[in-house]
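This is what each chain is made of:
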Amino acid sequence: MSVTEDTQPVFTGAVLEALQAVLGRYPTKQAALLPALWLAQRERGWISDRVMAEVAEVLGLTPAYVKGVVTFYTMYHQHPVGKHFVQVCTTSPCNICGAEGVLKALLEQTGARDAGATSPDGNWTVIEVECLGACGFATPVLVNDDFIESVTVEKVPALVRKYR
Amino acid sequence: MGFPHQPHPKETVVLSQYFGDPDARTYKGWVKRGGYEALRNALATAPAAVVEQVKESGLRGRGGAGFPTGLKWSFMPKAKTRPHYVCVNADESEPGTFKDREIMRWTPHALLEGAAIAAHAIQAEVVVIYIRGEFTEPWAITEKALAEADAAGVFGTIKVYLHRGAGAYICGEETALMNSIEGKRGNPRIKPPFPAVAGLFGMPTTINNVETLAAVPHILNRGAAWYRGLSLSNPQSTGTKLFSVCGHVQRPGNYEVTLGFPLKDLLYDLCGGPLPGRTLKACIPGGSSVPILTREETEACLLDYEGVVASGSMLGSGGVIVFDDSTDMVYQIMRLARFYAHESCAQCTQCREGTAWTTKILERILAGQGKTEDLDLLLDLSENMTGKTICVLSDSCAAPIVSGIKKFRGEFDAYLAGARSPVPVG
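Since this is a predicted model, take the numbers as computed values, not measurements.

Q: How do you make sense of a nonpolar patch on the surface when you look at a structure like this?
A: Taken together, the side chains of Phe 67, Leu 71 and Phe 75 of chain B present a nonpolar region at the surface, about 260 Å² in accessible area. Topologically, Phe 67 of chain B is positioned in the loop between helix 3 (47–57) and helix 4 (69–74).

Q: How should the layout of surface pockets be read in this particular structure?
A: Leftover empty space is mapped by rolling, across the atoms, a probe with the size of a water molecule. What the second largest pocket holds in volume is close to 980 Å³. The wall of the second largest pocket is formed by 36 residues, among which Trp 38, Arg 42 and Asp 145 of chain A together with Trp 139 and Arg 164 of chain B lie closest to the centre. Only helix 1 (13–23), helix 2 (33–44) and strand 1 (84–89) of chain A together with helix 7 (136–152) and strand 3 (159–164) of chain B provide two or more residues apiece to the lining of the second largest pocket. Of all the elements, helix 7 of chain B adds the most residues to the lining of the second largest pocket, at 7 residues. Split by residue class, the lining of the second largest pocket holds 19 nonpolar, 9 polar and 8 charged.

Q: When you look at the interface of chain B and chain A in this model, what are you seeing that I'm missing?
A: Interfaces are often described in size by the accessible area the parts lose on coming together. In this complex, chain B contributes 56 residues to the contact, which on the side of chain A involves 40 residues. Between chain B and chain A, roughly 3,800 Å² of surface is buried when both sides are summed, and carbon and sulfur atoms account for 59% of that area. Contact with chain A buries area across many residues of chain B, yet Ala 166, Arg 185 and Arg 335 of chain B alone supply 16% of it, more than any other trio. Our count for the contact surface shared by chain B and chain A stands at 4 salt bridges. The closest approach of N and O atoms between Glu 149 of chain A and Arg 101 of chain B, which form a salt bridge, is 2.8 Å. Only helix 5 (99–106), strand 2 (126–131), strand 3, helix 8 (174–181), strand 5 (240–247), strand 11 (319–324) and helix 14 (329–343) of chain B provide two or more residues apiece to the side of chain B that touches chain A.

Q: Looking at this structure, I do not really get the packing of aromatic side chains. What am I missing?
A: The description of an aromatic ring pair uses the distance of the two centres, along with the angle that the planes make with each other. Residue and element names in this part refer to chain A. Under the defined criterion, the tally for this structure stands at 15 aromatic pairs over all chains. A ring pair is formed by Trp 38 and Tyr 76, whose centres lie 5.2 Å apart and whose planes are at 55°; its orientation type is tilted. Of this pair, Trp 38 sits in helix 2 while Tyr 76 sits in the loop between helix 4 (63–72) and strand 1, and the two are 38 residues apart along the sequence. Residue classification places Trp 38 among the buried residues on the basis of a relative accessible area of 13%. The exposure class of Tyr 76 is buried, given its relative accessible area of 3%. Consider the rings of Phe 72 and Tyr 73, whose centres lie 5.0 Å apart with planes at 70°: the pair is edge-to-face.

Q: Got a minute to help me understand the domain arrangement of chain A in this structure?
A: You can read the domains of chain A as domain 1 (13–72) and domain 2 (84–163). On a C-alpha basis, the centroid separation for the pair domain 1 of chain A and domain 2 of chain A is 29 Å.

Q: I'm lost on the sheet that holds strand 5 of chain B in this one. Help?
A: The strands that make up a sheet are held in pairs by hydrogen bonds between backbone atoms, and each pair lies either parallel or antiparallel. All names here are of chain B. On the basis of which strands lie adjacent, the open sheet formed by 5 strands has the order 6-5-11-8-9 and mixed pairing. Edge positions in the sheet fall to strand 6 (253–258) and strand 9 (293–294), since each of these pairs with one other strand and no more. Relative to strand 11, strand 8 (residues 280–284) runs antiparallel, the two being bridged by 4 bridges. Its bridge partner lying in strand 11, Leu 280 is registered against Asp 324.

Q: How do you make sense of a negative patch on the surface when you look at a structure like this?
A: All names here are of chain B. Negative charge collects at one region of the surface, where Glu 373, Asp 376, Asp 380 and Glu 383 lie side by side. For Glu 373, the location among the structural elements is in the loop between helix 15 (349–366) and helix 16 (374–384). Take Glu 373: its relative accessible area is 46%, and that puts it in the partly exposed class.

Q: I'm lost on the domain arrangement of chain B in this one. Help?
A: Residue and element names in this part refer to chain B. According to the domain assignment, chain B consists of domain 1 (22–229), domain 2 (240–324) and domain 3 (329–416). Taking only C-alpha atoms, the centre of domain 2 and the centre of domain 3 are 23 Å apart. Between domain 2 and domain 3, the contact holds 13 residues from the first and 13 residues from the second. Three residues stand out in domain 2 for area buried against domain 3, namely Lys 281, Ser 288 and Ile 292, and they jointly supply 49% of the buried area on that side. One can count 2 salt bridges joining domain 2 with domain 3. A salt bridge links Glu 411 to Lys 281, with the nearest nitrogen and oxygen atoms 2.7 Å apart. The interface formed by domain 2 and domain 3 includes 7 residue pairs in polar contact (both at pLDDT 80 or more). Examining the composition of the side of domain 2 that touches domain 3, we find that 3 residues originate from one element, strand 8, more than from any other.

Q: I keep staring at unusual backbone geometry and nothing clicks. Help me out?
A: Excluding glycine, residues mostly have negative phi values, and the peptide bonds linking residues are mostly trans. Residue and element names in this part refer to chain B. The peptide bond linking Lys 191 to Pro 192 adopts the cis configuration, its omega dihedral lying at -5°. Tracing the sequence through the fold places Pro 192 in the loop between helix 8 and strand 4 (205–209). Cis geometry is found at the peptide bond from Pro 192 to Pro 193, where omega equals 5°. On the secondary structure map, Pro 193 appears in the loop between helix 8 and strand 4.

Q: Can you walk me through helix 1 of chain A in this structure?
A: Note: α-helices contain 3.6 residues per turn, so residues at a spacing of three or four share the same orientation. Residue and element names in this part refer to chain A. Regarding helix 1, the residues found buried are Val 15, Leu 19 and Val 22. End-on, the buried residues of helix 1 take up no more than an arc of 55°, which puts them together on one face. Residues of helix 1 that are exposed and point over 90 degrees away from its buried face: Ala 14 and Glu 17. Along its buried surface, helix 1 packs onto helix 2 and helix 3 (49–59).

Q: Whenever I open this one, the pairing of strand 1 of chain A confuses me. Can you help?
A: Sheet faces and side chains relate simply in a regular strand, where the side chains alternate between the two faces. All names here are of chain A. Burial analysis of strand 1 places 6 of its 6 residues in the buried class, the great majority of the element. Residues His 84, Val 86 and Val 88 of strand 1 are buried on one face, and the alternating residues Phe 85, Gln 87 and Cys 89, pointing to the opposite face, are buried as well. In terms of strand pairing, strand 1 meets strand 2 (residues 124–129) through 6 bridges, oriented parallel. Pairing of Phe 85 across the sheet is with Thr 125, part of strand 2. As paired elements, strand 1 and strand 3 (residues 141–143) share 3 bridges and run antiparallel to each other. Note on strand 3: the bridge partner recorded for Val 86 is Val 143.

Q: Explain the sheet that holds strand 4 (residues 146–148) of chain A here, please?
A: Residue and element names in this part refer to chain A. Reading across the sheet, the 4 strands line up as 2-1-3-4 and stay open at both edges, with mixed pairing between neighbours. If you trace the sheet from one side to the other, it starts and ends with strand 2 and strand 4, each paired once. Each strand axis lies, on average, 20° off the axis of its neighbour in the sheet, ignoring direction. Taken strand by strand, helix 7 (residues 156–163) contacts strand 1, strand 2, strand 3 and strand 4, and its axis lies near 165° from that of strand 4.

Here is what the cut-offs are and how they apply
Residues numbered from 1 in each chain as written. Chains lettered and ligands numbered in written order. Predicted model: local features only at pLDDT ≥ 70, side-chain atom pairs only at ≥ 80, totals over all residues. Heavy atoms only, no water. Patch = residues over 30% accessible without salt bridge, like charges linked within 9 Å, V, L, I, M, F, W, Y side chains within 5 Å. Areas by Shrake-Rupley, 256 points an atom, 1.4 Å probe, with all protein chains shown as cover. Salt bridge = Lys/Arg side-chain N within 4 Å of Asp/Glu carboxyl O. Helix = DSSP H or I, 4+ residues; strand = E, 2+ residues; numbered from the N terminus. 1 Å grid on protein atoms, 1.4 Å probe; cavity = no way out; pocket = protein on both sides within 12 Å on 5 of 7 lines; lining within 4 Å. Points joined across faces, edges and corners; volume = space filled by probe spheres on them. Nonpolar A, V, L, I, M, F, W, Y, C, P; charged D, E, K, R; others polar. Contact = heavy atoms within 4.5 Å. Buried area = accessible area lost by both parts, 1.4 Å probe. Phe/Tyr/Trp six-rings, centres within 6.5 Å; stacked < 30°, edge-to-face > 60°. Buried < 20%, exposed > 50% of the residue type's maximum accessible area, 1.4 Å probe, protein only. Domains from an automatic or database assignment. Pairing = 2+ DSSP bridges. Lys, Arg positive; Asp, Glu negative; His and termini not counted. Charge placed at Lys NZ, Arg CZ, Asp CG, Glu CD. Polar contact = N/O pair within 3.5 Å; in protein donor to acceptor, adjacent residues only side chain to side chain. Arc of directions from axis to C-beta. Axes fitted to C-alpha atoms, helices over the stretch in contact; angles between N-to-C directions.

This is the structure we're talking about:
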């Protein structure tokens, strides 16, 4: 998938205002790093090296430091992902309730095929994640910010149709 | 109540009374149910007296360690010379645990009220609630509740902020959580100094779990003696606790019982027992970081801090994972080891290497390529992963491995002897 990166600054207008509100809370600028990365990801869909450099500039950090933090946390995308980013829990409690089958069905029916890969139409990226914290509602699946409980193999076709 | 199921008569409903009731999420709805009275009264009481009440109640931390809450609060400096902080650990990520999520989804004001009471008790001006990044729904609901409570001015001079995690189990470790708020990688810190001396931004800090704080308004409203009286087996474990039950039971969900409740009754009566035609094989009673219990141990276990230890495990977070006779224990122990390998922050060698190598060895046993000495090697590695690192993540990886080999050795031996078909591990 070829990507044209938006080279305009992220932190302008309303996004900058949102960041400034966070900066007002804490005694250090650095404490606004995770919130700043969330804001940037919401705007651009992922965190590019260029965005990391901008975040570093705005918060008075080095780009290398920002990259070290970005790479520690699993939810910041260091590459563009599909329009629908799907996270499937396969940790033990969900695993014994059929999570691996749900993952397989999602990979097949979205056309993403391999975990972490994006479908050729650019619509879907499906990944396997560790515990989503909803073990009594196996299998939980996150589609972007929609947290969907109790997904079974049988429910996958309807789920895929809903977002298609 | 047994959310998402009907309440069971054997439950003691305190924290979960309004689970499933959307009106309780609103500020007006919460006030109508007696909400924020405890905070109003607390703000008119001397901080030390509030700490004393919580001490008297016997409340212990519900996040996993079970440390007495009032005692923790009393460690904060009495003389106020620097800013004080309250951190709320809402990074619920322990496999098997999903109770804080329900508290935030249905009774966010209980958490906000408890957190503000804690802030008053330890003389903090700021509360930071750290919510795991994947909890999109609890975040949205708590954010809305906070905006409403702020607009009503109930917190006085106390500021309450939400801070979003970004995918890292280790940030549920208290000092890793503080580093994460500070905009750092979530590496746990060496202790001492403990947070009451140098916590968030190096300032005196108290960190409590969501469920712990949600219990505080009830204690202030109904009295420490009432809470202390909620105890079935021993006076060191008081109050009610939410148990998240998942895996192979008929009605998984959150159930609230008085501490000391029999695990057998929780699983067979409240949760409806094993799935049709199945029998219980094993149970992890306190989140994936604690030792596995056999069926016999499970059926004799009392759910309080000391009772679960006597049964050979720990109460932990109260995340109960149930495995029936269809379960391949070797495969599930590998999945748990893989979880810890994925979540290791990698600062300590024993953890970084130990979690990765135990996972690889378990994978090779499952693939039919195990060697006879592999079980001893796993136990040796586990020994080196226990009690030797900055935090307990590697101990947590070792717990299911050691208890699994000890209690379900036959299943490991079957793979090693080629008596069981190899399992593809992806």
